Amino acid sequence: MAQLWGGRFVGETDKTAYDFNASIGFDKRLFQEDIEGSIAHVTMLARQGILTAGERDAILGGLEKIREDITAGKLEIDHTCEDIHSFVEAHLIGLIGDIGKKLHTGRSRNDQVALDMRLYTRKRVLGTDALLKELLRVLLAVMEENIATCMPGFTHLQKAQPITLAHHYGAYFEMFKRDRQRMTDIYNRMNYCPLGAGALAGTTYPLDRAYTASLLGFAGPTLNSMDSVSDRDYLIEFLSALSTVMMHLSRFCEEIIIWNSNEYQFVEIDDAYSTGSSIMPQKKNPDIAELVRGKTGRVYGALLALLTTMKGIPLAYNKDMQEDKELSFDAMDTADNCLVLFTGMLRTMKFRRERMESSAMKGFTNATDAADYLVGKGVPFRDAHGIVGRLVLYCVEKDTSIEKLSLNELQSVSEYFQEDIYDAVSLKTCVEKRLTLGAPGPDAMRAVMEIHRAYLAGDSRESG
Ligand code: ARG
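Residues numbered from 1 in each chain as written. Predicted model: local features only at pLDDT ≥ 70, side-chain atom pairs only at ≥ 80, totals over all residues. Heavy atoms only, no water.

**A few points about the site of the ligand**
Argument step 1. The environment of the ligand is made up of Ser 23, Asp 27, His 85, Arg 109, Asn 110, Val 113, Tyr 317, Gln 322 and Lys 325.
Argument step 2. Here a nitrogen atom of the ligand and a side-chain polar atom of Ser 23 are 3.0 Å apart.
Argument step 3. Here a nitrogen atom of the ligand and a side-chain polar atom of Gln 322 are 2.7 Å apart.
Argument step 4. Protein coverage of the free-state accessible area of the ligand, which is 350 Å², stands at 87%.
Argument step 5. Top element by residues in the shell around the ligand is helix 6 (residues 109–145). It accounts for 3 residues.
Argument step 6. Across the shell around the ligand, the residue classes tally to 2 nonpolar, 4 polar and 3 charged. (Near = heavy atom within 4 Å. Polar contact = N/O pair within 3.5 Å; in protein donor to acceptor, adjacent residues only side chain to side chain. Areas by Shrake-Rupley, 256 points an atom, 1.4 Å probe, with all protein chains shown as cover. Helix = DSSP H or I, 4+ residues; strand = E, 2+ residues; numbered from the N terminus. Nonpolar A, V, L, I, M, F, W, Y, C, P; charged D, E, K, R; others polar.)

Here's what the structure looks like:
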């Protein structure tokens, strides 16, 4: 067991304590970032005259070799070192000898791990953002084809007013678009480089922190060394944003599960994204949607766990912070996998438009329009509401619907009903007349979708 800090110790670490303390099992996935950070650090040390050009080149050569060997599978990241930082340093020294021992000049594992985790998270934020963008593309493609596909809109899971499938998907477009905006915010806020903070109080070497920050693509260096090594806000923000993504996915999954049920039959999930039952041959279950809904709790759990871990930690670095990794990695992997699967499921899902449309006609979804019709004839809205309420009651008793009543029946409830009521409460009219910006009427939808198209093409980031 190669340890970086053996000098002060006489006794061996207890084996169980060593394993308990070690992070190599999970921080090995930071090897790219660890090497990238070391390359920038050494480049800066030489530029500042802290290392010679020869020392720099030897170290850079060694680091590149380690990176290549790990990537090619020639060097296995085993558990002989306690963490990825020790592993890379030990192998560097093994490869190039004593010069390798100069790598850690003016640096601590505290600012090193802070840097590695930031570099890694920054990459993952962009990855999630790209997956969200792909999902938005699929949503918009479905919207383009379903601007006239009527379906019931619900409140309290009771049929409320007719909408279109494009409009329903449009609601999720807004949610996932906001999720992308959160990714951008997080990226911009976290994009500062902690390297050079040392263990907690900076260093006495003349480091050029702005230079390392620019080499690593950061907007600049962080401004307080204690905060630099103990800040995990960016992870909490990312886990929170991922929790919101999962919440959106979960709501959508819940709807798909309902739409896929025998009672609704609005959609048919592709065989590729459903599974069967071991006993009931007729079953085709929406397991993927259920699993995405289920995994949401796991991502929330990571957020809560990290918030709780961080809440009692005095400045600056404490080992508790090592706990940020496993749960963050798990949440990032889970959310990304869910996005990939969900997008695939959505892309292949078929709609049963006739069922959606006939469902939209039932359940008095045109009751508001009947009331609005009366308002158009001069009846105050409150009275119109009462009249249509009585009409609905009459229909319920007769097991029929408003548009099926004869003009005589309608006029027995209110003399204001005329022949033109039938057109006013038809499904087509109910949807087409909803033309306020953001409503399902086709002209309103077309205007919004134009904004979406421009946004996805990159012409506009925030509009709409
Ligand atoms: N494995 C540690 C972590 O993930 C690296 C930092 C170690 N620093 C220290 N002072 N022990 O947080």
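That shown, we press on.
**Digging into the environment of Leu 315**
Argument step 1. Relative to the elements of secondary structure, Leu 315 occurs in the loop between helix 11 (287–310) and helix 12 (324–348).
Argument step 2. Here Leu 315 falls in the exposed class, since its relative accessible area comes to 61%.
Argument step 3. Along the backbone, Leu 315 and Met 226 are 89 residues apart, and their C-alpha atoms lie at a distance of 6.8 Å. (Buried < 20%, exposed > 50% of the residue type's maximum accessible area, 1.4 Å probe, protein only.)

**What to know about the pairing of strand 1 (residues 150–155)**
Argument step 1. Of the strand pairs in this sheet, strand 1 and strand 2 (residues 158–164) are connected by 6 bridges, and their pairing is antiparallel. What sits directly across from Phe 154, in strand 2, is Lys 159.
Argument step 2. Where strand 1 hands over to strand 2, the hairpin turn is made up of 2 residues, of which His 156 adopts a positive phi near 55°. (Pairing = 2+ DSSP bridges.)

**Points about the layout of surface pockets**
Argument step 1. When its volume is computed, the largest pocket comes out at roughly 360 Å³.
Argument step 2. As for the largest pocket, its lining consists of 15 residues, and the residues nearest its centre are Asn 260, Ser 261, Asn 262, Gln 282 and Lys 284.
Argument step 3. Taken together, the residues of the lining of the largest pocket break down into 4 nonpolar, 7 polar and 4 charged.
Argument step 4. Each pocket or cavity is described by its volume, and for the second largest pocket that value is around 270 Å³.
Argument step 5. Those elements that provide at least two residues to the lining of the second largest pocket are helix 7 (165–190) and helix 10 (233–259).
Argument step 6. For the lining of the second largest pocket, the residue count by class is 8 nonpolar, 2 polar and 3 charged. (1 Å grid on protein atoms, 1.4 Å probe; cavity = no way out; pocket = protein on both sides within 12 Å on 5 of 7 lines; lining within 4 Å. Points joined across faces, edges and corners; volume = space filled by probe spheres on them.)

**Here's the deal with the packing of helix 6 against helix 10**
Argument step 1. Contact geometry of helix 6 with helix 10 gives a least axis separation of 11 Å together with a crossing angle of 25°. Compared by their axis directions, helix 6 and helix 10 come out roughly parallel. Pair helix 6 / helix 10 crosses with left-handed handedness. Here helix 6 contributes Ala 114, Met 117, Arg 118, Thr 121, Arg 124, Val 125, Thr 128, Leu 132, Leu 135 and Leu 139 to the contact with helix 10, which in turn contributes Tyr 234, Leu 235, Phe 238, Leu 242, Val 245, Leu 249 and Phe 252.
Argument step 2. For the contact of helix 6 with helix 10, a count of residues per class yields 13 nonpolar, 2 polar and 2 charged. (Axes fitted to C-alpha atoms, helices over the stretch in contact; angles between N-to-C directions. Parallel < 35°, antiparallel > 145°, perpendicular 65-115°, else oblique. Left-handed = near helix turned anticlockwise from the far one by under 90°. Contact = heavy atoms within 4.5 Å.)

**With respect to the side chain of Asp 69**
Argument step 1. With respect to the helices, strands and loops of the structure, Asp 69 is situated in helix 4 (residues 53–71).
Argument step 2. Those residues in contact with Asp 69 that lie beyond four places of it in its chain are Lys 74 and Leu 75.

**Description of helix 6**
Argument step 1. Compared with the 54 Å implied by 1.5 Å per residue over 37 residues, the 54 Å span of helix 6 between its first and last C-alpha is a close match.
Argument step 2. You can read the cap of helix 6 off the contacts: a side-chain oxygen lies 2.9 Å from the backbone nitrogen of Asn 110, and it is on Ser 108. (Expected span 1.5 Å × (residues − 1).)

**Observations regarding the side chain of Gln 322**
Argument step 1. Inspection of the secondary structure puts Gln 322 in the loop between helix 11 and helix 12.
Argument step 2. A polar atom in the side chain of Gln 322 sits 2.9 Å from the backbone oxygen of Asn 21.
Argument step 3. Discounting residues that sit within four places of it in the chain, Gln 322 has contacts with Asn 21, Ala 22, Ser 23, Phe 26 and Tyr 317.

**Some details on the nonpolar core**
Argument step 1. Leu 139, Tyr 169, Leu 249, Phe 252 and Leu 346 are the most contacted members of the largest nonpolar core, which has 95 residues in total.
Argument step 2. Ranked by the residues each element gives to this core, the list is headed by helix 10, at 15 residues.
Argument step 3. Counting residues in hydrophobic clusters, the runner-up holds 18 residues, among them Ala 370, Ala 371, Ala 384 and Phe 417. (Core = buried A, V, L, I, M, F, W, Y, C linked by side-chain atoms within 4.5 Å.)

**As for the packing of aromatic side chains**
Argument step 1. This model, assessed by the stated rule, comprises 10 aromatic pairs.
Argument step 2. Between the aromatic rings of Tyr 120 and Phe 329, the centroid separation amounts to 5.2 Å while the plane-to-plane angle is 75°, which identifies the pairing as edge-to-face. Placement of the pair is Tyr 120 in helix 6 and Phe 329 in helix 12, with a sequence separation of 209 residues. The burial state of Tyr 120 is the same as that of Phe 329; both residues are buried.
Argument step 3. For the ring pair Phe 154 and Tyr 264, a centre distance of 6.2 Å and an interplane angle of 50° mean the geometry is tilted. Taken together, the positions of Phe 154 in strand 1 and Tyr 264 in the loop between helix 10 and strand 5 (267–268) put the pair 110 residues apart, joining distant regions of the chain.
Argument step 4. For Phe 154, a relative accessible area of 23% corresponds to the partly exposed category.
Argument step 5. Every member of this aromatic cluster is reached through a ring pair, and the members are Tyr 169, Tyr 172, Phe 176, Phe 252, Phe 342 and Phe 351.
Argument step 6. Across from the ring centre of Tyr 211, 3.8 Å away, lies the NZ or CZ of Arg 47, which sits over that ring.
Argument step 7. Above the ring of Phe 218, the side-chain terminus of Arg 122 is found at 4.5 Å from the ring centroid. (Phe/Tyr/Trp six-rings, centres within 6.5 Å; stacked < 30°, edge-to-face > 60°. Lys NZ or Arg CZ within 6 Å of the ring centre and 35° of its normal.)

**Here's the deal with the environment of Gln 48**
Argument step 1. Structurally, Gln 48 can be placed in the loop between helix 3 (31–47) and helix 4.
Argument step 2. When the C-alpha atoms of Gln 48 and Lys 101 are compared, they prove to be 18 Å apart, with 53 residues separating the residues in sequence.
Argument step 3. Ignoring any residue separated from it by four or fewer positions in sequence, one finds Gln 48 in contact with Pro 206, Leu 207 and Asp 208.

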